[in-house]
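Understanding the architecture of this molecule
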Amino acid sequence: CGFRISPREPCTYIKDSDSSPVEYRASPQRLLTQSTLHRNSILSSFCTEENVQECLFHITQELASLGLSPVGTGCERHSELDVVAVLNCMNDLIQLHRRELRTLENMEVEQLKSNSSIDYLQITSTQLKEQLELSKRENTGLLERERQLQLKVKSLENHLKNEKEESEHNMIFSLSCKNFRILLRTELAKSKVEQHLWKTDKTEARHEGEMYKTLLNDYDNRQRELLLENAELKKVLENMKKDMVSILKTKKTKEESDDEDIFDATKERVELFSDDAREKLTNGIRLQWRKLKSHVERLDNQASLVDISARSNKDSVSRETHEEEMHKLRLEIQQCKDYIRMQQQLLQRQLSSPCDEEVTSLLNNCYMQQEKERLKGDWKTLEEQRKIFDRERGNFTEAAIRLSHERKVFEENRALWLKHQFLNSSPFPDSSKPQISRLGRKVTARQISFCAVTLQCHLVYRLKYSQVPVVRWANQKIIFNRLCSHTVV
Amino acid sequence: MNFSEVFKQSNQLCKVSPDGKYLATCVQYRLVVRDVATLQILQLYTCLDQVSHMEWSSDSQFILCAMYKRGLVQVWSLEQPDWHCKIDEGSIGLVASRWSPDGRHVLNTTEFSLRITVWSLCTKAVSYIKYPKACQKGLDFSRDGCYMALAERRDCKDYVSIFVCDDWHLLRHFETETQDLAGVEWSPNGCVLAVWESCLEYKVLLYSLDGRLLSTYSAYEWSLGIKSVSWSPSSQFLAIGSYDEMVRILNHITWKTVAQFQHPSSINNTKAVVYKEVEKRPAVSEDLSIHNISMGSTLFSTQSKYEIFLPPVHLPVVKPDPERANPKIGISSLAFSSDSRYLATKNGGFQVQSLSWHSSGDSLILLGKDHLCLCYMETEQEDK
C-alpha cells in the first residue's frame, strides 16, 4: 500500500481507505489537530509571563539540540524573540514535523505490510503444518501396511516353498483303504460342490459365451463361403444370359430385338440380392434358353428342308437372278432338243431311204466277199499248218516206235555184255582174256553202259518233251549205233 | 525302404510322441523311451504289472501306462524321471484309461462303465462322471481340446453331455432321439456333433454345439445300418459307411447326400486304374480293395511287380458267413485325406487293419496283419 502524502494537501487517502488494519489510527490531520490541541494545552502550561526568558532559553537549547538556528537574540537573561527567526524556526519545526510524519506514515505502511505478510505466513504455516500432520499420518499408515504386506509375502513364500517341496518329493494317490476312499470321496465331492457353487456364477456365463462365440464364428464362415459361391454362380448365370442374348440378337428381326433390348436394360439395373431379383434372373435365363432352343430347332428344320427344296426358303434370292437361270436352263433344253432331233433325223434318213437299196446291198456284198476271202486265206494257212503238224507227228510216232525196238535190242545186248563181263571178270588180267577177245577193249563196260544209259535217257527226254527235228534225232541214232557197234565188236 | 533292427514289444504298444521326437514301447512291464532319430534308449521305466494300455500326453511330457488287471495307472514324466504318479482305482476296477486333451487329467473308466473318474495331476482333485455309456465310441474330445462329448444312459434313455475341459464344467445335457446310441464324434471345427445309432437301425443325428438338433439322416430301414463314420478335415463332409457295402457322403449345409459309392466285386469303370501285384512265389497274393484303386500286398519282397489290369477286373472276394457274430461285411474303416480330396474305404473282409493318410494328402499307408503297403496318388488325378 503506497501512500503518497504531499505536504500541502491534507491526507485524505488514508481517511478514505478503511480496509487496512490502520483503521484505528487517527488521520494525521486529526492527529495534527489533536496533537496541536494537546500541545496547545501543554504550551499553555509551559510558558507564562514570568518564565519567558527561561522558556526562551529552554526552547533555544532545544532548537540547538535539534540543529535549528536559535530563535531569540540577546543574551541569556534578556533575550528577545526574533520574530523572523521564530517564524523560520516554526517553519523548520513544521517541516521537520511533516517529515517525521511522513516517515512515520511510511513506517506505518511498512509495518502494515509486514504485519499482513506475517499473517499470511502464519496462515500458510498453519496450513502446511496441518498438511504435514496429515502426510505424517498417511506415511505411518502406509508403513504399517507395507509391513503387513511384507509379512504376508514372507508367509506366502514359505507356503510356496513348502508346496514345491511337497510336490517334488511325493505325489502318491494311493488310497488302499476302502473306507478312507469313501471318506475322501465324500469330502472331495463336498469341496468340489462348494467350489462349483462358488464358481458357476462367473464361469458358467463365460463358458456359454465362448460356446456361442465359436458357433457364431462357424456360422459366419459358412455364410461367407455361401455368399462367395452365390456371387460366382450369379456371375456365371449373367454371362450365360448375355451370351444367349447376343447369339439370338444376330438372328432375330428388328421387332423382336427391340423387346430384348428393353429386357436387357431392366435386368442390368436390378440388384441381385433379393428374392424378386433372383426370380427375375432365373426367369430371364429360362426365357432366353427357350428362345435359343426354339431357334436351334428352327435352324435344324431349315437345314433339313434345304436338302429337299433348294430355293424355296431362300427369300434373299432376287427375282432377276431367278429369271436369268430359268432362261439359261431353257436355252440348254432347247439345244439338247435340237441335237436329239437332228440325230433322229439322221437316223431316220439312214433307216428309211428306199432309192439306194441296190448300191447298199452291193456294197454290203463286197464287204462280205472281202471278209470271206480273208477267211478263206486264213483257213488255208491253218490247214497247211495242220498238215505239217500231222506229218511231223507221224514221224515222231514212227521214230518213237523204232526207238523202242532199238532200245529193246540194246537192252538185250547190254545184259549179255554185262553177264559176260561179270562172268569173265577176275583179278588176274591174263588167262581168260583170249576167250573174250571180243570184249578186250580199253573202254570199260561200265563206261559204255553209263554212256548208253545217259544217252537213252536223254533221247527219251527229248522225245517226250520237245519236238525234235527228225534230222537231229537221226544223228543221235547214228551216234548211238556207232557206240553200240563199238562195244559189240 | 530301409528298416531298422527288430525291437521287442508287447500288446502292440508302440507309439511315437506327438511332437515326433520320441518313441515309446512297452515290453511286458517295462516302458522304454527311445529317440526317434537314433533309436537310442533315453529312459527306462518299470511299471508294477504288465501294461495293457500306453498313451502319450498331448504335450509329449508324460506317458500314461494302464494296467487293467490291477486297476492301476502310472504316469511317468520325461523331464523328471524321478517323478512318479500312481492312480489306483481299487476294487472298482479299470476298463479304459486315457488322457484329456490338455495332458494334465487322466480319465479312467471303471468296470461295467459305472463311472468315469477324472484325476487331475495338477490340483490332485478328483471328479466323477456318472452313467457313462459303454458303446462303440462313447466319448470324444473336440479337436481343439475345449469340449468333451460323452454318451450317457439313464433310465433306459440315451443322453449326451457336453463338458468344458478346462474345469470339467457341464455345459449341456440333452436327450438324444436314439434307441441305442452307438457313438459320438465331433466335427473338426468343433461345432457339430454326429451321433449315430447302433447297427440295428440306420440313423445319424447331427447336433449343434449348444445341443440343438440340426438334422437327422436315415438312408434305409429294416437292414443293418451304420458301421463307421468319418468327418472330412474341412468339416464339410460326413462319410458314413454301412453294412450294405456303400459309403454315403453328406454335406454340411443341407445334411443331405452329395455322393454315394458302391463297392462292387468287379470293377467296370473305365476311369479306374487297377494295379495288381504279381509275385513270383506261388502263394496267392492278397488283394486290398480301395475305392478306385486296387493294390496287391507285399512282404519285404523285391521279386514282385505291379501290373495294370484293364477293367473289368474281378476281385477275389470271400463271402463272410452271416450266421456268425460280427460278420465282416460292410465298410469298416474310412479315411479322408488331409485336403479332403480323397476318401479311402475298406469293405468286407479284406485284411487291412488301418488306413492312414500322410499329412500332405498324397500318399496312403495300409497296414495289414503282416503286410504293409504304401500308395502314392498322382496329383493330376481327378478323383473324389
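The structure displayed is predicted, hence computed values, not measured ones. (Residues numbered from 1 in each chain as written. Chains lettered and ligands numbered in written order. Predicted model: local features only at pLDDT ≥ 70, side-chain atom pairs only at ≥ 80, totals over all residues. Heavy atoms only, no water.)

Looking now at the overall build of chain A. Per the secondary structure count, chain A includes eleven helices and three strands. When the helices and strands of chain A are listed from N to C terminus, the series reads α-α-α-β-β-α-β-α-α-α-α-α-α-α. Long-range pairs, those at least 24 residues apart, make up 57% of the contacts in chain A between residues at least 6 apart in sequence. Put simply, chain A shows about 40,700 Å² of open surface, and 57% of that area lies on carbon and sulfur atoms. (Helix = DSSP H or I, 4+ residues; strand = E, 2+ residues; numbered from the N terminus. Contact = heavy atoms within 4.5 Å. Areas by Shrake-Rupley, 256 points an atom, 1.4 Å probe, with all protein chains shown as cover.)

Here the focus is the sheet that holds strand β24 (residues 257–262) of chain B. Residue and element names in this part refer to chain B. If you trace the four strands from one edge of the open sheet to the other, you get β21-β22-β23-β24, paired in antiparallel fashion. This sheet does not close on itself; its edge strands, each paired only once, are β21 (226–231) and β24. Across this sheet, the average inter-strand angle for adjacent strands is 20°, counted without regard to direction. Judged from the five bridges that link them, β21 and strand β22 (residues 237–242) form a sheet pairing that is antiparallel. The partner of Ser230 across the bridge, within β22, is Ala239. (Pairing = 2+ DSSP bridges. Axes fitted to C-alpha atoms, helices over the stretch in contact; angles between N-to-C directions.)

Residues and elements named next belong to chain B. In this model, chain B carries a mean pLDDT of 85, and residues with pLDDT of at least 70 account for 91%. Confidence over residues 282–301 falls short of pLDDT 50; this stretch has 62 contacts with residues more than four positions distant or in other chains. Both scores are given for the predicted complex: the pTM is 0.53, the ipTM 0.75. (pLDDT = per-residue confidence, 0-100.)

A separate point is the interface of chain B and chain A. By a widespread convention, an interface's size corresponds to the accessible area lost as its parts come together. The interface is formed by 34 residues belonging to chain B together with 26 residues belonging to chain A. Interface area, chain B with chain A, both sides summed: about 2,700 Å², of which 56% is carbon and sulfur. Linking chain B to chain A there are one salt bridge. When the shortest N-O distance is used, the salt bridge between Glu208(A) and Arg172(B) registers 2.6 Å. Applying the counting rule to chain B against chain A returns six residue pairs in polar contact (both at pLDDT 80 or more). If you list the elements that add at least two residues to the side of chain B that touches chain A, you get β8 (84–88), β11 (115–120), β12 (126–130) and β16 (169–175) of chain B. Tallied by class, the residues present in the side of chain B that touches chain A amount to 15 nonpolar, ten polar and nine charged. (Buried area = accessible area lost by both parts, 1.4 Å probe. Salt bridge = Lys/Arg side-chain N within 4 Å of Asp/Glu carboxyl O. Polar contact = N/O pair within 3.5 Å; in protein donor to acceptor, adjacent residues only side chain to side chain. Nonpolar A, V, L, I, M, F, W, Y, C, P; charged D, E, K, R; others polar.)

All right, on to the nonpolar core then. Residue and element names in this part refer to chain B. Grouped together as the largest cluster of nonpolar side chains are 35 residues, with contacts concentrated most on Tyr147, Val160, Leu193, Val195, Val204, Leu238 and Ile240. Of the residues forming this core, the biggest block, five residues, is contributed by strand β18 (residues 192–197). Ignoring sequence-local partners within four residues, the contact set of Leu193 consists of Ala149, Val160, Val184, Glu185, Trp186, Leu205, Leu206 and Tyr207. Membership of the second largest hydrophobic core comes to 16 residues, among which are Leu13, Ala24, Cys26 and Trp56. (Core = buried A, V, L, I, M, F, W, Y, C linked by side-chain atoms within 4.5 Å. Buried < 20%, exposed > 50% of the residue type's maximum accessible area, 1.4 Å probe, protein only.)

Turning our eyes to something else, we now look at the UniProt feature "coiled-coil region" (unreviewed entry) in chain A. Within the UniProt annotation, "coiled-coil region" (unreviewed entry) is assigned to residues 216–243 of chain A. Span residues 216–243 of chain A is 100% helix and 0% strand, its end C-alpha atoms 40 Å apart. (UniProt positions renumbered as here; feature names shortened; annotations may be inferred.)

All names here are of chain B. Summed over all chains, the structure comprises ten aromatic pairs over all chains. Ring plane angle 20° and centroid distance 5.0 Å describe the contact between Tyr45 and Trp76, whose orientation is recorded as stacked. Note that Tyr45 is positioned in strand β4 (residues 41–46) and Trp76 in strand β7 (residues 72–77), a separation of 31 residues in sequence. Exposure class is identical for Tyr45 and Trp76. Each is buried. The side chain of Arg34 reaches across the aromatic face of Phe7, ending 3.9 Å from its centre. (Phe/Tyr/Trp six-rings, centres within 6.5 Å; stacked < 30°, edge-to-face > 60°. Lys NZ or Arg CZ within 6 Å of the ring centre and 35° of its normal.)

All names here are of chain B. Within the secondary structure layout, Ser113 lies in the loop between β10 (105–109) and β11. Residue classification places Ser113 among the buried positions, given a relative accessible area of 16%. Apart from residues lying up to four places away in sequence, Ser113 is in contact with Pro132 and Ala134.

Attention now goes to the pairing of β22(B). Residue and element names in this part refer to chain B. Within β22, five of the six residues are buried, which leaves the element mostly enclosed by the surrounding structure. Two successive antiparallel strands, β21 and β22, enclose a turn made up of five residues, where Ser235 displays a positive phi of approximately 65°. Pairing geometry for β22 and strand β23 (residues 246–251), over five bridges, is antiparallel. Within β23, the position partnered with Ala239 by the bridge is Ile249.

All names here are of chain A. Taken together, the side chains of Val83, Leu87, Met90 and Ile94 make up a nonpolar region of the molecular surface, amounting to roughly 380 Å² of accessible area. Tracing the sequence through the fold places Met90 in helix α4 (residues 83–169). Among the residues examined, Met90 registers a relative accessible area of 43% and is labelled partly exposed. (Patch = residues over 30% accessible without salt bridge, like charges linked within 9 Å, V, L, I, M, F, W, Y side chains within 5 Å.)

Residue and element names in this part refer to chain A. Helix length check: helix α3 (residues 52–66) (15 residues) gives 20 Å between terminal C-alpha atoms against 21 Å at 1.5 Å per residue, within 8%. Those residues of α3 not exposed but buried are Cys55, Leu56 and Leu63. Here the buried residues of α3 occupy an arc of 100° about the axis, which is enough to place them on one side. Among the exposed residues of α3, those oriented more than 90 degrees off its buried face are Glu54, Ala64 and Ser65. (Expected span 1.5 Å × (residues − 1). Arc of directions from axis to C-beta.)

Attention shifts here to the sheet that holds strand β14 (residues 147–154) of chain B. Residue and element names in this part refer to chain B. Spatially, the four strands line up as an open sheet ordered β13-β14-β15-β16, and their pairing is antiparallel. Each end of this open sheet is capped by a strand with a single partner; those strands are β13 (139–141) and β16. Strand-to-strand twist in this sheet, taken as the mean axis angle between neighbours without regard to direction, amounts to 20°. Pairing between strand β15 (residues 157–164) and β16: six bridges, direction antiparallel. If you follow Val164 over to β16, its bridge partner there is His169.

All right, on to the pairing of strand β34 (residues 363–367) of chain B then. All names here are of chain B. As paired elements, strand β33 (residues 354–357) and β34 share four bridges and run antiparallel to each other. Its bridge partner lying in β34, Leu355 is registered against Leu366. Counting the residues that bridge the hairpin from β33 to β34 gives five residues, and of these Gly361 lies at a positive phi of roughly 85°. Inspection of the sheet shows β34 paired to strand β35 (residues 372–376) by five bridges, in the antiparallel sense. Bridging across to β35, Leu366 finds its partner in Cys373.

On to the pattern of salt bridges. Counted by the stated rule, this structure contains 19 salt bridges over all chains. By sharing partners, the salt bridges in this structure join Lys133(B), Arg153(B), Asp158(B) and Asp180(B) into a single network.

Here we come to the confidence of the model for chain A. All names here are of chain A. Across chain A, pLDDT averages 75, with 63% of residues at or above 70. Below pLDDT 50 for its whole length, residues 173–180 participates in ten contacts with residues either more than four positions away or in separate chains. Segment residues 431–440 is flagged for pLDDT under 50; beyond a separation of four residues in sequence, or across chains, it makes ten contacts in the model.

Time to look at unusual backbone geometry. Residues and elements named next belong to chain B. With a phi angle near 55°, Lys124 is a residue other than glycine that sits in the positive phi range. Inspection of the secondary structure puts Lys124 in the loop between β11 and β12. The class of Lys124 is partly exposed, set by a relative accessible area of 35%. In the Ramachandran plot, Tyr131 falls in the positive-phi region, its phi being about 50° despite a non-glycine side chain. Relative to the assigned elements, Tyr131 resides in the loop between β12 and β13.

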